[in-house]
Amino acid sequence: MEMRSNLGCHFLNEKTTNWVVTGAAGGLGTALLEKLARAGHEVVAIDKDLKGLESLYDAIEEQGLRPPALYPMDLVGASVEDYDTLARAIQEELGSIHHLIHGAAIFKALRPMMHQPISEWLEITQVSIHSPLLLTQALMPLLDKSTGSSITFVIGGTALEQ
């Protein structure tokens, strides 16, 4: 893979920092990336939706802002090697990371566990549990290079209301 170079978060007021955001082409991810671009931060946007990433890139660039580096990646099928490749690309491009946002999510349907197809269960756990662990492990050396680095997990409100 190749990189193309209404949230009240106090990190947005910091000097320029490096961010990695999964689920970047979704509603929350898009809103966050636009705020980060307005604040002048460097961002790596990760999502499986290449068209969504490209639309986000174009929208931010059209505002005269620094667009994010795009990294299309389907977290459902990503291997440890894929995360290591991503980490190496970020290392070469940015050198360090200040903030990692786990915003990727997958939701198929709300149903009793006995009626949950195993294929959907595996996708949900891969994106929600395994992927954040694997990505954090791969990027931890880059996070360790930054003072005050952070890792944030985003949980959609509708998931909590169900």
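None of these values were measured; they are calculated from a predicted model.

Procedures and definitions
Residues numbered from 1 in each chain as written. Predicted model: local features only at pLDDT ≥ 70, side-chain atom pairs only at ≥ 80, totals over all residues. Heavy atoms only, no water. Helix = DSSP H or I, 4+ residues; strand = E, 2+ residues; numbered from the N terminus. Buried < 20%, exposed > 50% of the residue type's maximum accessible area, 1.4 Å probe, protein only. Contact = heavy atoms within 4.5 Å. Salt bridge = Lys/Arg side-chain N within 4 Å of Asp/Glu carboxyl O. pLDDT = per-residue confidence, 0-100. Patch = residues over 30% accessible without salt bridge, like charges linked within 9 Å, V, L, I, M, F, W, Y side chains within 5 Å. Areas by Shrake-Rupley, 256 points an atom, 1.4 Å probe, with all protein chains shown as cover. Lys, Arg positive; Asp, Glu negative; His and termini not counted. Charge placed at Lys NZ, Arg CZ, Asp CG, Glu CD. Pairing = 2+ DSSP bridges. Axes fitted to C-alpha atoms, helices over the stretch in contact; angles between N-to-C directions. Polar contact = N/O pair within 3.5 Å; in protein donor to acceptor, adjacent residues only side chain to side chain. Expected span 1.5 Å × (residues − 1). Arc of directions from axis to C-beta.

**A short note on the environment of I97**
Relative to the helices and strands, I97 resides in the loop between helix 3 (80–93) and strand 4 (99–102). A relative accessible area of 0% means that I97 is categorised as buried. Separated by 47 residues in sequence, I97 and D144 have C-alpha atoms that sit 8.1 Å apart. When sequence neighbours within four positions are dropped, the list of residues in contact with I97 reads N18, V20, I90, L139, L142, L143, S146 and S149.

**A word on the pattern of salt bridges**
Across all of its chains, the model carries three salt bridges by this definition. Residue E123 is joined to K108 by a salt bridge in which the shortest nitrogen-to-oxygen separation is 3.3 Å. With a gap of 15 residues between them, E123 in helix 4 (residues 118–144) and K108 in the loop between strand 4 and helix 4 connect regions that are remote in the sequence. The partner of R111 in a salt bridge is E120, and the shortest N-O contact between them spans 2.5 Å.

**Observations regarding the confidence of the model for the protein chain**
Per-residue pLDDT for the protein chain averages 88, and the proportion of residues at 70 or more is 87%. pLDDT under 50 marks residues 1–12. Its contacts with residues more than four places away, or in other chains, come to 38 contacts. Here residues 158–162 is a poorly scored stretch, pLDDT under 50, and it has two contacts once near neighbours within four places are set aside; other chains count.

**Regarding a negative patch on the surface**
A grouping of E54, D58, E61 and E62 is seen on the molecular surface, where their side chains present a negatively charged patch. On the secondary structure map, E61 appears in helix 2 (residues 50–62).

**Considerations on the sheet that holds strand 3 (residues 69–72)**
Taken in spatial order, the five strands of this open sheet run 3-2-1-4-5, and their pairing is parallel. Two strands close off the open sheet at either side, each with one partner strand: strand 3 and strand 5 (150–153). Recorded for the sheet is a direction-independent mean angle of 15° between the axes of neighbouring strands. Here four bridges tie strand 4 to strand 5, and the two strands are oriented parallel to one another. Looking across to strand 5, one finds that I101 is bridged to T152. Set on the sheet, helix 1 (residues 27–38) makes contact with strand 1 (18–22), strand 2 (42–47) and strand 4; between it and strand 1 the angle comes to about 165°.

**Side note on the environment of Q63**
Topologically, Q63 is positioned in the loop between helix 2 and strand 3. Residue classification places Q63 among the partly exposed positions, given a relative accessible area of 40%. Distance from Q63 to R38, taken between C-alpha atoms, is 9.0 Å for residues 25 residues apart in sequence. If sequence neighbours within four positions are ignored, Q63 has contacts with E34 and R38.

**Comments concerning the side chain of T17**
Mapped onto the elements of the fold, T17 is located in the segment before strand 1. When its relative accessible area of 3% is taken as the criterion, T17 is described as buried. Within polar-contact distance, the side chain of T17 engages the side chain of W19 at 2.8 Å. Look past the residues within four positions of T17 in its chain and what remains in contact with it is H41, E42, H98 and H99.

**Observations concerning helix 1**
Taking 1.5 Å as the rise per residue, helix 1 with twelve residues should run 16 Å; its terminal C-alpha atoms sit 17 Å apart, in good agreement. Residues of helix 1 that are buried include every one of G29, L32, L33, L36 and A37, and no others. Buried residues of helix 1 fall within an arc of 135° about the axis and therefore sit on the same side. Turned more than 90 degrees away from the buried face of helix 1, the exposed residues are G27 and L28. Buried residues along helix 1 sit in contact with strand 1, strand 2, helix 2 and strand 4. Positioned one or two residues after helix 1, G40 has a phi angle of 85°, which is positive.

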